[in-house]
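# Chain and residue survey
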There are 2 protein chains.
Amino acid sequence: MTSDIHDTYARLRDHARTTSALAGIDALLGWDERCLLPIKAGEYRAEQMTLLAGMIHDRQTDRRLGDWLAKLADSPLAADPTSEMGTNIRQLRRQYEKKTKLPKSLVEELARASVRGQQIWQEARESDNFAHFKPALAQMIELKRQEADALGYAETRYDALLDDYEQGALTSHVARVLEQLREQLVPLVRAIADSTRRPDVTVLERKYPIDVQHSFGRDAATRIGFDFASGRLDVTAHPFCSTMGPFDVRLTTRYDERYFNSGFFGILHEAGHGLYEQGLPAEQYGLPAGEAISLGIHESQSRMWENLVGRSEAFWQHHYPLACTAFPEALFDVGLERFHFAINDVRPSPIRVEADEATYNLHILVRFELEQALINGDLPIDDLPAAWNEKYHVALGITPPNDADGVLQDIHWSAGLIGYFATYSLGNLYASQFFEQAADDVGPLDEQFAAGEYRPLLDWLRTKIHSQGQRFTAAELVKRVTGRPLDHAPLMRHLWGKFGPLYNL
Amino acid sequence: MTSDIHDTYARLRDHARTTSALAGIDALLGWDERCLLPIKAGEYRAEQMTLLAGMIHDRQTDRRLGDWLAKLADSPLAADPTSEMGTNIRQLRRQYEKKTKLPKSLVEELARASVRGQQIWQEARESDNFAHFKPALAQMIELKRQEADALGYAETRYDALLDDYEQGALTSHVARVLEQLREQLVPLVRAIADSTRRPDVTVLERKYPIDVQHSFGRDAATRIGFDFASGRLDVTAHPFCSTMGPFDVRLTTRYDERYFNSGFFGILHEAGHGLYEQGLPAEQYGLPAGEAISLGIHESQSRMWENLVGRSEAFWQHHYPLACTAFPEALFDVGLERFHFAINDVRPSPIRVEADEATYNLHILVRFELEQALINGDLPIDDLPAAWNEKYHVALGITPPNDADGVLQDIHWSAGLIGYFATYSLGNLYASQFFEQAADDVGPLDEQFAAGEYRPLLDWLRTKIHSQGQRFTAAELVKRVTGRPLDHAPLMRHLWGKFGPLYNL
């Protein structure tokens, strides 16, 4: 009997690992498409990826999985839900149930709508024509409602969509934390706007040769602990981090010869994602115990290395002299203090991806609220551009110059990624809360960074977060690691701690 | 009834195309492994490729294929064997029959022996220890015999192996042509050895900056017609050309800052392969009518562009001034004549991959004869190193300094590629015979090359060879295109025509 259960578990495990091997192949195809693919090869690559996606979906909804999981869920192997086996059984069951709740026709319709939606969105954005995008968006909203209804939800339809990216999170809880954050962010942003101090950002717009940016950024990623024997760094238009296997994590970035930040902080951000992936237990690769918990927790790692580490004064006490050696022409007359202020410029802008640490979450709040209104049917799509502009005016004091740089700026909705945006802010919140705890446990971090030492922080993250796989939900993990539920206070303390002195608030 | 047959054909076609899409994915995984893969990721990538290979094999031996093909083979659709449909039915049937003749256990044993054999071969080569490789080679020979017996053959077991790379070729025919070639090659090589003229090859060993080699080689590939909107050029240790889709053909090369030839002629060689792939009918991609005929015909294209075009004086009349602009330091005092002689240095060497146009085929003859003796059981493996050295002494007047640079120099046998070497010489022979015909049809080629015009030759190749897919066997194609069966004379005319004047013979 016990040996029978173990056989069943082995079958489940091998099945999941094979599916994951195909998903890793799919990741390679996608990475290649975004980094290297010859321009005429796009159509055939899409066919190949559709083929793989179908094979993966067939495996994920294989009825044998249901049989094995039913047998295992009540077995002693699942008795401890946070053991490796318990985690794998619980999470694979959850995935199987979600996947099998969706009718195949809806899955296919969503896939088609996503491909078509992204094309139309791109055209609409290029021609600044929201009306062109409207029918595709309306169809996507309708399909996502059907998806939510098929999946089921605790309180609101939006819960079902949020769950795809942040397992178990409730819209009402996320909304409460973000609302509290907003209440404290708006006065901070206003105080900064009223300050007479302003950094000289032109020092970041001098000439930074791209090959030097590449080696400087690669060195920094290595220094914070990214292992290039198990990874790469390449160039793409819209940077991301992707994993093809237990020892194959690929970072991407883009360089602007006339703007230091986009390449360097892009690398630190993606390296943060990459460190998480490289820190997951390799022997559980392809199983939930070896996979990241949620997009929010993933984003907490990227934001931590990009902002809490990479934009700190302590980090540049070590790196600024290296930067001066690498970019003597750009930095010869700047100095650490001016440089550090420049990379921490706060300035309301209409564009999310260019936003600073202080205003970023206000951009997210706009999207989080509009998404809910669209899904709940409280906002007719016709009114969306005006609602967008109104919210930007209230939150950031600015009105987007047009829809292309307003409501059409992000690809997410066109691709069906609704419920995704909130995870960016959750990432910022988790990051600060984890970081405060890490400072308590292995600090003083500032002194370590100033000495070029990142290992204590990384080891702490490895132990507390990376190595945990999906043993806990994001909410459980935060509580276990910091002793408290998610809270806006650590992020606000960080922002005031940094921008108070810089802007003389 | 007719519509039923057409439905069957459509099913066959779609099945084959899906298999081919997976093969293209496998090609991407292999290309990535050889060009980009992080060092620690090799083991997992091998697992992914084994998974895909199994899926592809299952599809290739899918019994439905047998049913469809049986129905189609006697149908009107196959009436004209050189029509697109006729070609696809005939060739898919041939593939299916070959694949299903091999027991699955043998396929798996061959795959394992190939992976293990390559590892052991590498160790043996590094430690110059043939005895370490011997058991693996003995096992491979035994498995290849079993493979030949399972497949069946016309005259000798070796025919069955040769057929894998050069469909329909008979060992006896190939042996006769190569024997005639040898009889004329040996006196040519001896005459060159006796000549008092010698090129100054040190001009090729000056400093050629790698980034300049890359752009210069890429430009040359573009100029001869390779389309980089449907392809790439990357760096690897052992160059190759690989196709991932109808508009995705990837060349690879390696650069040596201190040796011009390896990068540049490597690019021309792979671009020759790439031009063939890019010239196949895209609408038949994934089907035999859209695939290359044989390795020999493939090699004829690479050798033609590398040697008959790229090492001609006419080619450098156009390219030498460009080379002087690209590499002013290396070439300022050289001149076209010295440069052209240097890239056509003839010098017996123990290493095949470093061999020149005149001696290259003698290297192949050694391997071709030894392979047959091993497969036929005429040569005990214990006697192989001595037999190798003896043949090198007779053919090239040299004795390899050790087994690492002798019998252990090539990876082929360790990987089970037995019957493959002959296609290199067939490629040289086909190339010269095609080239003479092209000169008759669209010449004078020399004048065109000197003016930087390669389009007439490429268009001729596109029409006569590339666009034909697998309509004909290699032997049929040579006869159709040149009016004569394969013959050693065109290659010998080319070699005397080039080396006679250079070496004052």
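These figures come from a predicted structure and were not determined experimentally.

Glancing now at the interface of chain B and chain A. With 36 residues of chain B at the contact, the number on the chain A side is 36 residues. Carbon and sulfur atoms make up 67% of the area that chain B and chain A hide from each other, which totals about 2,600 Å². The interface formed by chain B and chain A contains six salt bridges. Residues A:Asp248 and B:Arg45 are paired through a salt bridge, measuring 3.6 Å at the closest nitrogen-oxygen approach. Inspection of the region where chain B meets chain A yields 14 residue pairs in polar contact (both at pLDDT 80 or more). Contributions of two or more residues to the side of chain B that touches chain A are made by α1 (2-35), α2 (42-60), β1 (231-235), β2 (241-245) and β3 (248-253) of chain B. Top element by residues in the side of chain B that touches chain A is α1(B). It accounts for 11 residues.

Turning next to the packing of aromatic side chains. Residues and elements named next belong to chain A. Per the counting criterion, the structure on display carries 66 aromatic pairs over all chains. Ring plane angle 70 degrees and centroid distance 5.0 Å describe the contact between tyrosine 208 and phenylalanine 327, whose orientation is recorded as edge-to-face. Residue tyrosine 208 is found in the loop between α8 (171-194) and α9 (210-224), and its partner phenylalanine 327 is found in the loop between α12 (313-326) and α13 (328-331); the two are separated by 119 residues along the sequence. Note on accessibility: tyrosine 208 and phenylalanine 327 belong to one class, buried. Measuring from centroid to centroid gives 6.1 Å for phenylalanine 421 and tyrosine 424, while their planes differ by 50 degrees, and the two rings are tilted.

Another point: the relation of the copies chain B and chain A. Taken as rigid bodies, chain B and chain A are interconverted by a rotation of 180 degrees and an axial shift of 0.0 Å, the fit giving an RMSD of 0.0 Å. A rotation of that kind, with that shift, is consistent with a two-fold axis. Comparing contact sets, 100% of the residues at the interface of chain B also lie at the interface in chain A, consistent with an isologous, same-surface contact.

Residues and elements named next belong to chain B. Of the positions making up helix α20 (residues 474-482), those classed as buried are Ala474, Leu477, Val478, Val481 and Thr482. Buried residues in α20, looked at end-on, bunch into an arc of 100 degrees, giving them a common side. Set apart from the buried face of α20 by more than 90 degrees, the exposed residues are Ala475 and Arg480. Buried residues belonging to α20 abut α11 (295-309), α17 (422-442) and α19 (455-464). Immediately beyond the C-terminal end of α20, within one or two residues, lies glycine 483, with a positive phi of roughly 80 degrees.

Before going further, it helps to spend a moment on the packing of helix α17 (residues 422-442) of chain A against helix α20 (residues 474-482) of chain A. All names here are of chain A. Where α17 contacts α20, the axes come no closer than 10 Å and their chain directions differ by 20 degrees. On the basis of their axis angle, the class for α17 and α20 is roughly parallel. The two elements α17 and α20 meet at a crossing, and its hand is left-handed. Residue-level contacts link Tyr430, Gln433, Phe434 and Gln437 of α17 to Ala474, Leu477, Val478, Val481 and Thr482 of α20. Taken together, the residues that form the contact of α17 with α20 break down as six nonpolar, three polar and no charged.

Further remarks concern the confidence of the model for chain A. Predicted coordinates in areas of low pLDDT are best not read in detail. Summarising the model, chain A shows a mean pLDDT of 96, and 100% of its residues fall at 70 or more. Across the interfaces of the predicted complex, the ipTM metric reaches 0.94, alongside a pTM of 0.95.

What follows deals with the side chain of A:Thr253. Residue and element names in this part refer to chain A. One can find threonine 253 in strand β3 (residues 248-253). With a relative accessible area of 0%, threonine 253 lands in the buried category. With residues near it in sequence (within four places) discarded, threonine 253 still touches Leu233, Asp234, Val235, Thr236, Pro239, Ser262, Gly263, Gly266 and Ile267.

The rules we used
Residues numbered from 1 in each chain as written. Chains lettered and ligands numbered in written order. Predicted model: local features only at pLDDT ≥ 70, side-chain atom pairs only at ≥ 80, totals over all residues. Heavy atoms only, no water. Contact = heavy atoms within 4.5 Å. Buried area = accessible area lost by both parts, 1.4 Å probe. Salt bridge = Lys/Arg side-chain N within 4 Å of Asp/Glu carboxyl O. Polar contact = N/O pair within 3.5 Å; in protein donor to acceptor, adjacent residues only side chain to side chain. Helix = DSSP H or I, 4+ residues; strand = E, 2+ residues; numbered from the N terminus. Phe/Tyr/Trp six-rings, centres within 6.5 Å; stacked < 30°, edge-to-face > 60°. Buried < 20%, exposed > 50% of the residue type's maximum accessible area, 1.4 Å probe, protein only. Least-squares fit on C-alpha atoms with pLDDT ≥ 70 in both. Arc of directions from axis to C-beta. Axes fitted to C-alpha atoms, helices over the stretch in contact; angles between N-to-C directions. Parallel < 35°, antiparallel > 145°, perpendicular 65-115°, else oblique. Left-handed = near helix turned anticlockwise from the far one by under 90°. Nonpolar A, V, L, I, M, F, W, Y, C, P; charged D, E, K, R; others polar. pLDDT = per-residue confidence, 0-100.

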